[in-house]
There are 2 protein chains.
Amino acid sequence: MADRGRPRSFDRERALAAAMLLFWRRGYSATSVAELCQAMGIGSPSLYAAFGSKEALYAEALTLYGERFGPRIWSGFDAGPTARAAIRSLLLDSAGTLAEGACGCMVTLANIGEPAACQAQALLAGMRAAILEKVTSRLAAAQAEGELPATVDVAALGRFYLGVQQGMSVQARDGATQPALAAMAEVAMAAWPGP
Amino acid sequence: MADRGRPRSFDRERALAAAMLLFWRRGYSATSVAELCQAMGIGSPSLYAAFGSKEALYAEALTLYGERFGPRIWSGFDAGPTARAAIRSLLLDSAGTLAEGACGCMVTLANIGEPAACQAQALLAGMRAAILEKVTSRLAAAQAEGELPATVDVAALGRFYLGVQQGMSVQARDGATQPALAAMAEVAMAAWPGP
DNA sequence: GTCTTTCTGTGGTGTTCGATACAGAAATCC
DNA sequence: GGATTTCTGTATCGAACACCACAGAAAGAC
């Protein structure tokens, strides 16, 4: 916003990434500003000057998470030539990505506890709804194109495959390995509506 | 422990149930002792005399949750004549139970944030591990009895069906209705290894 | 150099956190 | 009845919470 004055002594993106990791592992309520400051390597006034509040920082961390890990999970889905291939990519890419940090998907597992944090809660609800919509609309398109029979309930199929991906998050947080999650994904593909 | 002295003026079970509901909806970190006291209708000294600490109260609430809702989800599973019927009962009963409170399974979604609460964390990890073991061992028995082909990876199949149930928790918390969750369950049953 | 602007570090704001000391109240035991 | 035991309500405890005032430091503008 301004190029005059004393320059910031820390890398804003790097600090935000550190905050994201902490929020991801611990959750919103259980992460204190003092812990954030330590992980980010800055004082609290710098944190508030750069990000505004704990909740605003969380919202930015959530957005960064989406930008950084979203493509790893969704690029294969978007590029899939068929809906079946897209879903398969989604699940297998999720298996690889989720097992890495061993804490599951930050968006799926986030559980802010009502009190304040209303803005972040709305952001989370929006992200989750968008994901369900993304999967379901891909399936609906496949049905329109004839890849899926007209008798298939695409809403239920979408909820199902998204549910498998969410279950992978829960199990990744509990220590499931990448091969175990990938095997889950293979089983899930057996539910694809046959011809 | 003693039948002498001034009797407790509140119903311990009822107070514990109120605490469970609050922990369930808000999570451990986001629920304060003051809120618990208000919901339970008692003062904090009574809470500490009756339950010991916030963490011990959480552990008791978790156990009560298991006793109260466990049978609603697992009795059909246990009574199922075949593994397939057991899994189907598990998913359909989960659809009914999870959609009720609109906050998913307390055990599946619980996310304590490392700091203290080590005892409760261990309890949770144990409950989750026991659930996976329960599902997997039922499938292994089915395989031994010939219900499932020897080529089936029962570990993967168990993780898959448990994952679907966990995904149902996530979506229930996001407002999915009972019919929507039941439809998910039906789709999941299509993945059952065919003959 | 001097001025202006912006950031950093110290220290502290009031509040709320989880957890208690203490005195009085309510029961049983003798 | 009195003695003993246990619970309840008030009124906190120190610590940690999210957050910020303020003075000094570090940059560009002139």
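All values reported here derive from a predicted model rather than from experimental measurement. Within any chain, residue numbers begin from 1 and follow the written order of that chain's sequence. Think of it this way: whatever chain is written first is A, whatever ligand is written first is 1, and the rest follow in order. Only residues with pLDDT of at least 70 are given local features in this predicted model, and only at 80 or more are side-chain atom pairs given and counted; all residues enter the totals for whole chains, interfaces and linings. As a rule here, side-chain values come from all non-hydrogen atoms in the structure, and water together with hydrogens is ignored.

Caption draft 1: Structural detail: the relation of the copies chain B and chain A. Superposing the copies works by least squares over the C-alpha atoms of residues that have pLDDT at least 70 in both of them. The two copies are related by a screw operation: chain B maps onto chain A through 180 degrees of rotation and 0.0 Å of translation along the axis, at an RMSD of 0.1 Å. Interpreted geometrically, this transformation is the action of a two-fold axis. Distance from the rotation axis, computed per C-alpha, reaches its smallest value in chain B at B:Ala191: 2.0 Å.

Caption draft 2: Expanded view of the pattern of salt bridges. Any Lys or Arg side-chain nitrogen found within 4 Å of a carboxyl oxygen on Asp or Glu counts as a salt bridge. This structure, assessed with the given rule, holds 14 salt bridges over all chains. Of the charged contacts, one joins B:Glu35 and B:Arg26 as a salt bridge, the two residues approaching to 2.0 Å between their closest N and O atoms. Note that B:Arg72 and B:Glu100 form a salt bridge whose closest N and O atoms lie 2.5 Å from each other. Residue B:Arg72 is found in helix 4 (residues 54-79), and its partner B:Glu100 is found in helix 5 (residues 83-101); the two are separated by 28 residues along the sequence. Within the structure, one salt-bridge network assembled from shared partners comprises A:Arg128, B:Arg173 and B:Asp174. Secondary structure elements are taken from DSSP: a helix is a run of H or I of four residues or more, a strand is a run of E of two residues or more, and numbering for both begins at the N terminus.

Caption draft 3: Quick peek at the nonpolar core. Judged by nonpolar contacts, the single largest core of 135 residues is most densely connected at A:Phe160 and B:Phe160. Once residues within four sequence positions are removed from consideration, B:Phe160 is found in contact with A:Phe160, A:Val164, A:Met184, A:Val187, A:Ala188, B:Ala188 and B:Ala191. Buried Ala, Val, Leu, Ile, Met, Phe, Trp, Tyr and Cys residues form a nonpolar core when they are joined through side-chain atoms within 4.5 Å. We call a residue buried when its accessible area falls under 20% of the maximum for its residue type, exposed when it is over 50%, and partly exposed in between, using a 1.4 Å probe and counting protein chains only. Two residues form a contact once any of their heavy atoms are found within 4.5 Å.

Caption draft 4: View of helix 1 (residues 12-26) of chain B. Residues and elements named next belong to chain B. In this model, helix 1 (15 residues) spans 21 Å end to end at C-alpha, consistent with the 21 Å of a helix rising 1.5 Å per residue. Along helix 1, the positions that sit buried rather than exposed are Ala-15, Leu-16, Ala-17, Ala-18, Ala-19, Met-20, Leu-22, Phe-23, Trp-24 and Arg-26. Where helix 1 is buried, its residues meet helix 2 (33-40), helix 3 (44-51), helix 4 and helix 6 (106-109). For helix 1, the capping residue at the N-terminal end is Asp-11, with a side-chain oxygen 3.0 Å from the backbone nitrogen of Glu-13. Just downstream of helix 1 lies Gly-27, where phi reads positive at about 90 degrees. Here, expected helix span is obtained from the residue count minus one, scaled by 1.5 Å. N or O atoms closer than or at 3.5 Å make up a polar contact, with two conditions inside protein: a donor-capable atom paired with an acceptor-capable one, and, for residues adjacent in sequence, both atoms drawn from side chains.

Caption draft 5: Expanded view of the side chain of B:Gln171. Inspection of the secondary structure puts B:Gln171 in helix 8 (residues 154-173). What makes B:Gln171 buried here is its relative accessible area of 3%. In this structure the side chain of B:Gln171 is engaged in a polar contact, spanning 3.1 Å, whose partner is the side chain of A:Gln166. B:Gln171 has contacts with A:Arg159, A:Leu162, A:Gly163, A:Gln166, B:Ala176, B:Leu181 and B:Met184, leaving out every residue within four places of it along the chain.

Caption draft 6: Local environment of unusual backbone geometry. All names here are of chain A. Located in the positive-phi region is Ala-102, a residue other than glycine, with phi close to 60 degrees. Secondary-structure assignment places Ala-102 in the loop between helix 5 (83-101) and helix 6 (106-109). Taking the relative accessible area as the measure of exposure, Ala-102 reaches 40% and is therefore partly exposed.

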